[in-house]
Amino acid sequence: QARLQAEERQERQAKKQEEAKQARLQAEEQQAKKQKEKREEAQQAKLHAEEDFEVKGAAVALEKRLDDQQQRQELQLEEEKHAKKQEEKREEAQQAKLHAEEKQHLQEKKMLEKTQRASLLRTKEKRETQEKQQKVTEEHQKVKDV
């Protein structure tokens with residue numbers, strides 16, 4: 001039973017690790033997609049800015065757009081870093097929880113074994129005491145008979 005529980009625990013842990021891996025892969029794919037979109041947006045913004053500059057002679061519009069986009073990108077990167085750290089913390093907490101459960105399980109198993117050994121020892125002692133009493137009783141009976 002304990003082995004089955006340990007195997008089930010290992011399977012759950014492996015499943016959770018696989019799920020975390022899949023979530024990381026998804027997040028990386030999403031990040032790559034967003035970066036591609038940002039590059040395309042930057043390209044479009046650059047084209048619009050160049051048109052503005054050529055048509056209006058407005059170099060200021062180009063700088064403002066690029067600054068705004070850069071600020072948005074920096075903010076997004078910070079948010080992604082924070083989300084990644086949170087995920088790592090959740091994974092570490094899960095690993096710590098699994099480790100604690102495993103440790104507790106081992107302690108419970110040891111306590112059960114100790115209890116069983118003590119019980120067997122008490123049973124053995126009782127049997128030996130009964131055998132001694134039986135011998136004494138038989139000897140008394142022999143003496144009485146003689």
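Quantities reported herein were computed from a predicted structural model and do not represent experimental measurements. (Residues numbered from 1 in each chain as written. Predicted model: local features only at pLDDT ≥ 70, side-chain atom pairs only at ≥ 80, totals over all residues. Heavy atoms only, no water.)

Asks: Would you mind going over the pattern of salt bridges with me for this structure?
Replies: Side chains carrying opposite charge are able to pair once their charged atoms draw close together. Inspection of the entire model under this criterion finds five salt bridges. Lys 81 is the partner of Glu 78 in a salt bridge, and the nearest nitrogen-oxygen pair spans 4.0 Å. One end of the pair is Glu 78 and the other is Lys 81, both in helix α2 (residues 59-145) and three residues apart, which spans about a single turn. Arg 90 is the partner of Glu 87 in a salt bridge, and the nearest nitrogen-oxygen pair spans 3.1 Å. Residue Glu 87 and its partner Arg 90 are located together in helix α2, separated by three residues, close to a single helical turn. We classify Glu 87 as partly exposed; its relative accessible area is 26%. (Salt bridge = Lys/Arg side-chain N within 4 Å of Asp/Glu carboxyl O. Helix = DSSP H or I, 4+ residues; strand = E, 2+ residues; numbered from the N terminus. Buried < 20%, exposed > 50% of the residue type's maximum accessible area, 1.4 Å probe, protein only.)

Asks: Just to check I follow, could you spell out the environment of Lys 33 for this structure?
Replies: Mapped onto the fold, Lys 33 is located in helix α1 (residues 2-56). For Lys 33, a relative accessible area of 55% gives the class exposed. Distance from Lys 33 to Leu 4, taken between C-alpha atoms, is 43 Å for residues 29 residues apart in sequence.

Asks: Can you help me understand the layout of surface pockets in this one?
Replies: Rolled over the atoms, a probe sized like a water molecule indicates the empty space that remains. Its volume calculated, the largest pocket comes out at about 450 Å³. Elements with a minimum of two residues in the lining of the largest pocket: α1 and α2. The residue makeup of the lining of the largest pocket, split by class, is four nonpolar, two polar and 10 charged. Roughly 160 Å³ of internal volume is contained in the second largest pocket. Around the second largest pocket sit Lys 16, Gln 17, Ala 20, Arg 24, Glu 87, Arg 90, Glu 91, Gln 94 and Gln 95, which together line it. Mapped onto the lining of the second largest pocket, the elements with two or more residues apiece are α1 and α2. At five residues, the largest contribution of residues to the lining of the second largest pocket is made by α2. (1 Å grid on protein atoms, 1.4 Å probe; cavity = no way out; pocket = protein on both sides within 12 Å on 5 of 7 lines; lining within 4 Å. Points joined across faces, edges and corners; volume = space filled by probe spheres on them. Nonpolar A, V, L, I, M, F, W, Y, C, P; charged D, E, K, R; others polar.)

Asks: I'm lost on the environment of Arg 117 in this one. Help?
Replies: One can find Arg 117 in helix α2. As for Arg 117 and Lys 144, which are separated by 27 residues in sequence, their C-alpha atoms are 40 Å apart.

Asks: Any chance you could explain the side chain of Gln 69 here in plain terms?
Replies: Inspection of the secondary structure assignment puts Gln 69 in helix α2. According to the relative accessible area criterion, Gln 69 is buried, its value standing at 4%. The contacts of Gln 69, once residues within four sequence positions are left out, are Lys 38, Glu 41, Ala 42 and Ala 45. (Contact = heavy atoms within 4.5 Å.)

Asks: Got a minute to help me understand the side chain of Arg 9 in this structure?
Replies: Mapping Arg 9 onto the fold places it in helix α1. Beyond its immediate chain neighbours, meaning those up to four positions away, Arg 9 contacts Leu 98, Glu 101, Glu 102 and His 105.

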